[in-house]
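In case you want the letters, here they are:
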Amino acid sequence: MPEDLSDADAQFREWMCENLQRAAAHFGLDLAGEPRLGWMDRSISALAGRGEERFWLRVVSENKQWIDGAFWTGNLDANVLTGLAKPRVLDVFEWEEYRQQRAEVLTLLPGSPCSRTDALREPIDLPDAWWAELRRTIDAVACTPTNRVNADQELVSKRIRQRFGDAMIPVVSQWETVHGDLHWANLMGPAFGLLDWEWWGRGPAGTDAATLLCYSLLVPEMVERVRSVFGDVLESESGRIAQLYVASRLFRRMDKGDHPDLAAVLSTHVETLT
């Protein structure tokens, strides 16, 4: 995020900090770490405690017209996914003040995020067991039944054709349940863990592998590692469509100023898919 903030941006960040403090007071928690702002400052999180216990406290803020989407309850809904290294939502509190706020108390995972940004920009040394657990997790999620939707055929076709032209015929033949936001800032190490389940739901098969691959493109050796773990998925026709869909989403993010250094390598990668 840019260092030079407008007065409005600075005021919004201050207000988000106040929201975090309000949530902590509601749950009877003491903030124990530096707050972290999420994408576009729409969320704020921090380590929090109660006596010897430690939790992760997160507050998300949205305009009311957007809170009917599945993302709003995604983290809580993901409590149905058991036996995986992921946070569990313990408590929820919502209130309205200008916008709708939702606070969640989550269990704390060990370790730290693999990257401070979604896109990886330098190699990271992760053990084979970490990669094996990543693949097991994505496979377990894929076969989990749910009515939640991450992306449907209409959205996939729209995004791909908007970016790559109407000549594209992106018919998704295989669907599965996906995490939906598998980037490096959502992955924990050195012990495996996967954060941020807002967007999980049914989507094109291969969405998660495609997402991680695209966010790895600036580090060729990590691209090879992702391919070694998810090669069967990425090399399939479903995987090709998923990669085009993920690329179209990333280009939309770039249009808003995100990850400008990823544009060239992503364009080169797309050429191999069309």
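Everything numeric in this text was worked out from a predicted model, so none of it was measured.

Chemist: Looking at this structure, how should I read the packing of helix α7 (residues 237-255) against helix α8 (residues 263-271)?
Modeler: When two helices pack together, you describe them by how their axes are tilted relative to each other and by the distance separating the axes. Between α7 and α8, the least distance of the axes is 11 Å, while the angle of their chain directions is 155 degrees. Classified by the interaxial angle, the pair formed by α7 and α8 is roughly antiparallel. The two elements α7 and α8 meet at a crossing, and its hand is left-handed. Note on element contacts: α8 touches α7 through Ala-263, Leu-266, Ser-267, His-269 and Val-270, opposite Gln-243, Leu-244, Ala-247, Leu-250, Phe-251 and Met-254. Its residues assigned to classes, the contact of α7 with α8 comprises eight nonpolar, three polar and no charged.

Chemist: Honestly, the packing of aromatic side chains in this entry has me stumped. Any pointers?
Modeler: Summed over the entire model, instances satisfying the criterion amount to eleven aromatic pairs. For the pair Phe-12 and Trp-15, a centre-to-centre distance of 5.6 Å together with 50 degrees between the ring planes defines the contact as tilted. Taken together, the positions of Phe-12 and Trp-15, both in helix α1 (residues 7-27) and three residues apart, correspond to about one turn of that helix. Given the relative accessible area of 22%, Phe-12 is considered partly exposed. Taken together, Trp-130, Trp-131, Trp-184 and Phe-192 form an aromatic cluster joined through their ring pairs. Seen from the ring of Trp-197, Lys-86 lies directly overhead, with NZ or CZ sitting 5.6 Å from the centre.

Chemist: Teacher, can you tell me more about helix α5 (residues 207-214) here?
Modeler: The buried count for α5 comes to eight of eight residues, which makes it a mostly enclosed element. Within the sequence span of α5, burial applies to Thr-207, Asp-208, Ala-209, Ala-210, Thr-211, Leu-212, Leu-213 and Cys-214.

Chemist: How should I be thinking about the pattern of salt bridges in this particular structure?
Modeler: Once their charged atoms are close, side chains differing in charge can pair, the charge on each being opposite to the other. Going through the model one piece at a time under the given rule, you end up with 18 salt bridges. Ionic pairing is found between Arg-42 and Glu-198, a salt bridge with its closest N-O pair at 3.2 Å. With Arg-42 in the loop between β2 (36-37) and β3 (43-50) and Glu-198 in the loop between β10 (193-194) and β11 (201-204), this residue pair connects regions lying 156 residues apart in the sequence. According to the relative accessible area criterion, Glu-198 is buried, its value standing at 3%. Residues Arg-121 and Asp-261 are paired through a salt bridge, measuring 2.8 Å at the closest nitrogen-oxygen approach. Highlighted residues: Arg-121 in the loop between β7 (112-113) and α3 (128-142) and Asp-261 in the loop between α7 and α8, separated in sequence by 140 residues.

Chemist: Which parts of the structure should I look at to understand the domain arrangement of the protein chain?
Modeler: One can read the domain layout of the protein chain as domain 1 (5-107) and domain 2 (112-272). Measuring from the centre of the C-alpha atoms in domain 1 to the corresponding centre in domain 2 gives 25 Å. The partner domain 2 presents 18 residues to the 19 residues of domain 1 that form the contact. Buried surface at the junction of domain 1 and domain 2, summed over both partners, amounts to about 1,500 Å²; 60% is from carbon and sulfur atoms. Put simply, domain 1 and domain 2 have three salt bridges between them.

Chemist: Looking at this structure, how should I read the sheet that holds β10?
Modeler: Sheet strands associate in pairs through backbone hydrogen bonding, adopting either a parallel or an antiparallel arrangement. Pairing within the open sheet is antiparallel, and its three strands lie in the order β7-β9-β10. Each edge of the sheet is formed by a strand with only one pairing partner; in this case those strands are β7 and β10. In this sheet, β10 lies alongside strand β9 (residues 187-189) in antiparallel orientation, the contact comprising two bridges. What sits directly across from Met-188, in β10, is Gly-193.

Chemist: Where do I start with the nonpolar core in this structure?
Modeler: It is characteristic of soluble globular proteins that their nonpolar side chains tend to be buried jointly. Counting 51 residues, the largest nonpolar core has Trp-130, Trp-131, Leu-134, Trp-184, Leu-187, Leu-212 and Phe-230 as the members making the most contacts within it. The set of elements that each furnish at least two residues to this core consists of α3, α4 (153-164), α5, α6 (220-234), α7 and α8. In terms of domain composition, this core takes at least three residues from each of domain 1 (5-107) and domain 2 (112-272). Among residues more than four places away in sequence, those in contact with Trp-131 are Leu-126, Trp-184, Leu-212, Met-222, Arg-225, Val-226 and Val-229. Of all hydrophobic cores here, the second largest spans 17 residues; its members include Leu-20, Ala-23, Ala-48 and Val-59.

What counts, and at which threshold
- Residues numbered from 1 in each chain as written.
- Predicted model: local features only at pLDDT ≥ 70, side-chain atom pairs only at ≥ 80, totals over all residues.
- Heavy atoms only, no water.
- Axes fitted to C-alpha atoms, helices over the stretch in contact; angles between N-to-C directions.
- Helix = DSSP H or I, 4+ residues; strand = E, 2+ residues; numbered from the N terminus.
- Parallel < 35°, antiparallel > 145°, perpendicular 65-115°, else oblique.
- Left-handed = near helix turned anticlockwise from the far one by under 90°.
- Contact = heavy atoms within 4.5 Å.
- Nonpolar A, V, L, I, M, F, W, Y, C, P; charged D, E, K, R; others polar.
- Phe/Tyr/Trp six-rings, centres within 6.5 Å; stacked < 30°, edge-to-face > 60°.
- Buried < 20%, exposed > 50% of the residue type's maximum accessible area, 1.4 Å probe, protein only.
- Lys NZ or Arg CZ within 6 Å of the ring centre and 35° of its normal.
- Salt bridge = Lys/Arg side-chain N within 4 Å of Asp/Glu carboxyl O.
- Domains from an automatic or database assignment.
- Buried area = accessible area lost by both parts, 1.4 Å probe.
- Pairing = 2+ DSSP bridges.
- Core = buried A, V, L, I, M, F, W, Y, C linked by side-chain atoms within 4.5 Å.

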